[in-house]
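# Chains, contacts and geometry: an overview
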Amino acid sequence: MALIPCRNCGKDVSDKAKVCPHCGAQLIEEQAEQPQPLLCEECGAEIPPDAEACPNCGCPVAQQEEQPGEPPQKVELTAVKLPKLNAHTKKLVLGGIIAAVVIILAIILIVSQQRKSAAAQLSADYGENLETITSMILTSAVQTEDAGQLIRNVWYNCIFEERDNETDPYTRPNGYFLDDFNEALAALFADEEFNQRLQGIETSQDSVTGIMRELGNPPAEYEEAYQAGRELYDAYMEFTNLVLNPSGNLQTFTANFNDADSELLNCYNAMSLYIGG
């Protein structure tokens, strides 16, 4: 046994050693395992790998079983041929496809029609609400105008001592004119019949306001009509509040009342263009 230097650390090691005891480096490459020679089963002679019979005794070479570790044989896949459809079957399949398409299209059409119908109904309801609120405003405005005129007449007749069968109960409660017009107006607002008229105006205000809130998101075709309705509503609220809570002197009240009345009429005429009123 001879000593040779390790090719990794340079220290002396045996030439028979497979691993360096100093550094653990591999010294001898492992040889690939050589296949065992094939021997004849009859005479024991070595048979070349490609021989079909023993060259010594002529005995046929038996087929060797596949050794473990050999690569598996490749399996070729062949395409599966589907059976051909005859003309009758093709017609049935085609008819089924067409029927399915027709059903799907019918469903789409029905859903589309339902959506259009719902949109049309929504639009119709919106238009009816616009007409309703316009009619309510007009009716309440007439009542408000009558109440405002009576307030103005009581106020005026008490100051200028003019007699009138409608205002005398408030301006001449004892057979002679009151010295203070505020007493006459207080008597008017304390009157049960007149007070009911004012309550009716307040109730109309609440109803109109409720409907106006429902009209807050108009369909595209009603956007301009909604804007006109909004302006009519604002003019109506200003007019009614002026009568429900009169303030200022006779001159300012009369001027404000007439201006609000004219503005309300203008807004109503503009709204009539959209509702056909």
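Residues numbered from 1 in each chain as written. Predicted model: local features only at pLDDT ≥ 70, side-chain atom pairs only at ≥ 80, totals over all residues. Heavy atoms only, no water.

## Focus on the overall build of the protein chain
Summing up its helical and strand segments, the protein chain has 6 helices and 4 strands in all. In sequence order, the protein chain lays out its α and β elements as β-β-β-β-α-α-α-α-α-α. The proportion of buried residues among the 277 residues of the protein chain is 27%. Here the contacts in the protein chain between residues at least 6 apart in sequence split such that 49% fall between residues at least 24 apart. Within the structure as shown, the protein chain displays about 19700 Å² of accessible surface, and the carbon and sulfur contribution to it stands at 52%. (Helix = DSSP H or I, 4+ residues; strand = E, 2+ residues; numbered from the N terminus. Buried < 20%, exposed > 50% of the residue type's maximum accessible area, 1.4 Å probe, protein only. Contact = heavy atoms within 4.5 Å. Areas by Shrake-Rupley, 256 points an atom, 1.4 Å probe, with all protein chains shown as cover.)

## Let's talk about the side chain of Gln-205
Mapped onto the elements of the fold, Gln-205 is located in helix H4 (residues 192-214). Once residues within four sequence positions are removed from consideration, Gln-205 is found in contact with Tyr-236, Met-237, Thr-240, Asn-241 and Leu-244.

## Some thoughts on the packing of helix H3 (residues 181-190) against H4
Two numbers describe how H3 lies on H4: the axes approach to 5 Å, and their chain directions differ by 70 degrees. As the angle between them shows, H3 and H4 are arranged roughly perpendicular. In this structure, H3 uses Leu-188, Phe-189 and Ala-190 to contact H4, whose residues at the interface are Glu-192, Phe-194, Asn-195 and Leu-198. A breakdown of the residues in the contact of H3 with H4 according to their chemical character gives 5 nonpolar, 1 polar and 1 charged. (Axes fitted to C-alpha atoms, helices over the stretch in contact; angles between N-to-C directions. Parallel < 35°, antiparallel > 145°, perpendicular 65-115°, else oblique. Nonpolar A, V, L, I, M, F, W, Y, C, P; charged D, E, K, R; others polar.)

## Section: the side chain of Ser-272
Its location among the elements puts Ser-272 in helix H6 (residues 250-275). We classify Ser-272 as buried; its relative accessible area is 10%. Polar side-chain contacts of Ser-272 include one of 2.9 Å to the backbone oxygen of Tyr-268. (Polar contact = N/O pair within 3.5 Å; in protein donor to acceptor, adjacent residues only side chain to side chain.)

## Quick notes on the packing of H4 against helix H5 (residues 223-244)
As a packed pair, H4 and H5 sit with axes 11 Å apart at the nearest point and diverge in direction by 160 degrees. Regarding the angle of H4 to H5, the classification is roughly antiparallel. The crossing of H4 and H5 is left-handed. In this structure, H4 contributes Leu-198, Ile-201, Glu-202, Ser-204, Gln-205, Val-208, Thr-209 and Met-212 to the contact, and H5 contributes Tyr-226, Gly-229, Arg-230, Tyr-233, Tyr-236, Met-237, Thr-240, Asn-241, Val-243 and Leu-244. (Left-handed = near helix turned anticlockwise from the far one by under 90°.)

## Let's talk about a nonpolar patch on the surface
A contiguous nonpolar patch, built from Val-93, Ile-97 and Val-101 and spanning about 240 Å² of accessible area, is present on the exposed surface. Residue position: Val-101 is located in helix H1 (residues 87-160). Note on Val-101: relative accessible area 43%, which makes it partly exposed. (Patch = residues over 30% accessible without salt bridge, like charges linked within 9 Å, V, L, I, M, F, W, Y side chains within 5 Å. Salt bridge = Lys/Arg side-chain N within 4 Å of Asp/Glu carboxyl O.)

## Considerations on the nonpolar core
Leu-130, Ile-151, Leu-215 and Leu-264 are the most contacted members of the largest nonpolar core, which has 44 residues in total. Those elements giving two or more residues to this core turn out to be H1, H3, H4, H5 and H6. Take this core: its biggest share by element is 12 residues, from H5. Not counting the four nearest positions on each side in its chain, Leu-215 is found in contact with Tyr-126, Asn-129, Leu-130, Ile-133 and Tyr-226. Counting 5 residues, the second largest nonpolar core, distinct from the first, contains Cys-6, Val-13, Cys-20 and Leu-27. (Core = buried A, V, L, I, M, F, W, Y, C linked by side-chain atoms within 4.5 Å.)

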